[in-house]
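# Residue-level structural notes
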Amino acid sequence: MKKIAFSSLLFVFLISSTVQALSWAITFVVWEGKVYEVKQEELIENNEIGNIIGEVTTKANDRTGSYYGNASNFYPIGTNYYQIKGTSTSNAIAIKEETQWVEAVYIHQAPFHIMNLLTHPFSVVVILVLVISGLIFRTKK
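Please read these numbers as outputs of a predicted model, since none were measured by experiment.

Examined against the element boundaries, Asn-73 turns out to sit in the loop between β5 (71–72) and β6 (80–84). A distance of 2.8 Å separates a polar atom in the side chain of Asn-73 from the backbone oxygen of Ile-26. Only 2.9 Å separates the side chain of Asn-73 from the backbone nitrogen of Phe-28, close enough to count as a polar contact. Excluding residues within four positions of it along the chain, Asn-73 makes contact with Trp-24, Ile-26, Thr-27, Phe-28, Lys-59 and Ala-60.

So, on to the pattern of salt bridges. In the structure shown here, the tally under the stated rule is one salt bridge. The partner of Lys-39 in a salt bridge is Glu-37, and the shortest N-O contact between them spans 3.5 Å.

Formed by Val-29, Trp-31, Tyr-36, Val-38, Val-56, Tyr-75, Tyr-81, Ile-93, Ile-95, Val-102 and Ala-104, the largest nonpolar core amounts to 11 residues. Sorting the residues of this core by element identifies β1 (28–31), β2 (34–44), β7 (92–97) and β8 (100–109) as the ones contributing at least two each.

The next thing to look at is a nonpolar patch on the surface. A cluster of nonpolar residues, Ile-127, Val-131 and Leu-135, forms a patch on the protein surface that exposes about 260 Å² of accessible area. You can see Ile-127 is positioned in helix α3 (residues 121–140). Since its relative accessible area comes to 42%, Ile-127 is described here as partly exposed.

Attention now goes to the pairing of β7. The buried fraction of β7 is high, at five of six residues. Relative to β7, β6 runs antiparallel, the two being bridged by two bridges. When the sheet's bridge partners are listed, Tyr-82 is paired in β7 with Ala-94. Note that β7 and β8 share six bridges and pair antiparallel.

This next bit is on the packing of aromatic side chains. Considering all chains together, one arrives at four aromatic pairs under this definition. Aromatic side chains Tyr-36 and Tyr-106 sit 6.0 Å apart centroid to centroid with 75° between the ring planes, which places their arrangement in the edge-to-face category. One end of the pair, Tyr-36, is in strand β2; the other, Tyr-106, is in strand β8, and 70 residues separate them in sequence. A ring pair is formed by Phe-74 and Tyr-75, whose centres lie 4.9 Å apart and whose planes are at 90°; its orientation type is edge-to-face. Its relative accessible area of 48% is what places Phe-74 among the partly exposed residues.

Cut-offs used in this document
- For every chain, the first residue of the written sequence is number 1, and numbering continues from 1 onward in sequence order.
- Only residues with pLDDT of at least 70 get local features here, since the model is predicted, and only at 80 or more are side-chain atom pairs given and counted; chain-wide, interface and lining totals rely on the full set of residues.
- Heavy atoms throughout the structure, all of them, feed into the side-chain values; hydrogens and water do not.
- Numbering of helices and strands runs from the N terminus; a helix is a DSSP stretch of H or I covering at least four residues, while a strand is a stretch of E covering at least two.
- Here a polar contact means two N or O atoms within 3.5 Å. Within protein one must be a hydrogen donor candidate and the other an acceptor candidate, and residues neighboring in sequence count only if both atoms are side-chain atoms.
- Residues are treated as being in contact if the distance between any of their heavy atoms lies within 4.5 Å.
- For salt bridges, the criterion is a side-chain nitrogen of Lys or Arg within 4 Å of an Asp or Glu carboxyl oxygen.
- For the purposes of this section, nonpolar cores are sets of buried Ala, Val, Leu, Ile, Met, Phe, Trp, Tyr and Cys residues that join through side-chain atoms within 4.5 Å.
- Buried residues are those whose accessible area, probed at 1.4 Å on protein chains only, stays under 20% of the maximum for their type, while exposed residues exceed 50% and partly exposed ones sit between those limits.
- For patch building, the residue pool is restricted to those with more than 30% relative accessible area and no salt bridge; the joining distance is 9 Å between like charges and 5 Å between nonpolar side chains (Val, Leu, Ile, Met, Phe, Trp, Tyr).
- Surface accessibility in these figures is a Shrake-Rupley result with a 1.4 Å probe; residues are shielded only by whichever protein chains are displayed.
- Whether two strands pair comes down to DSSP finding at least two bridges between them.
- Only centres within 6.5 Å qualify two rings of Phe, Tyr or Trp (six-membered ring in Trp) as a pair; their planes then separate them into stacked at under 30 degrees, edge-to-face at over 60, and tilted for everything else.

Right under this line is the structure:
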């Protein structure tokens, strides 16, 4: 009887589990800690595009909504960010979509995520200094 009850309970949990994913309200990219909303209707001419300033390095998590680094909820890793001539990168940047350029407008600072600290080049130096000083301190005892 116990086996049947346990099996039934296990079966209920297995069939009731569902997969959930977020439905994003906007398409966004994150560059240097700033979130930019991509405006599909705001096209930019080729002659207004400046230098490459960065790229998508991580994807936003569709289940939790969390993201870190230069992330996007739509564009694949490796998609480049471009400067728009005559526009400050604090206001807007450009993204290439197939054959056209679209504008991404600054909306707010990205939320804190611990991985931002771990992926920053300066944090690697700090961690190395701490490890080396710990080893030196330990060997002196």
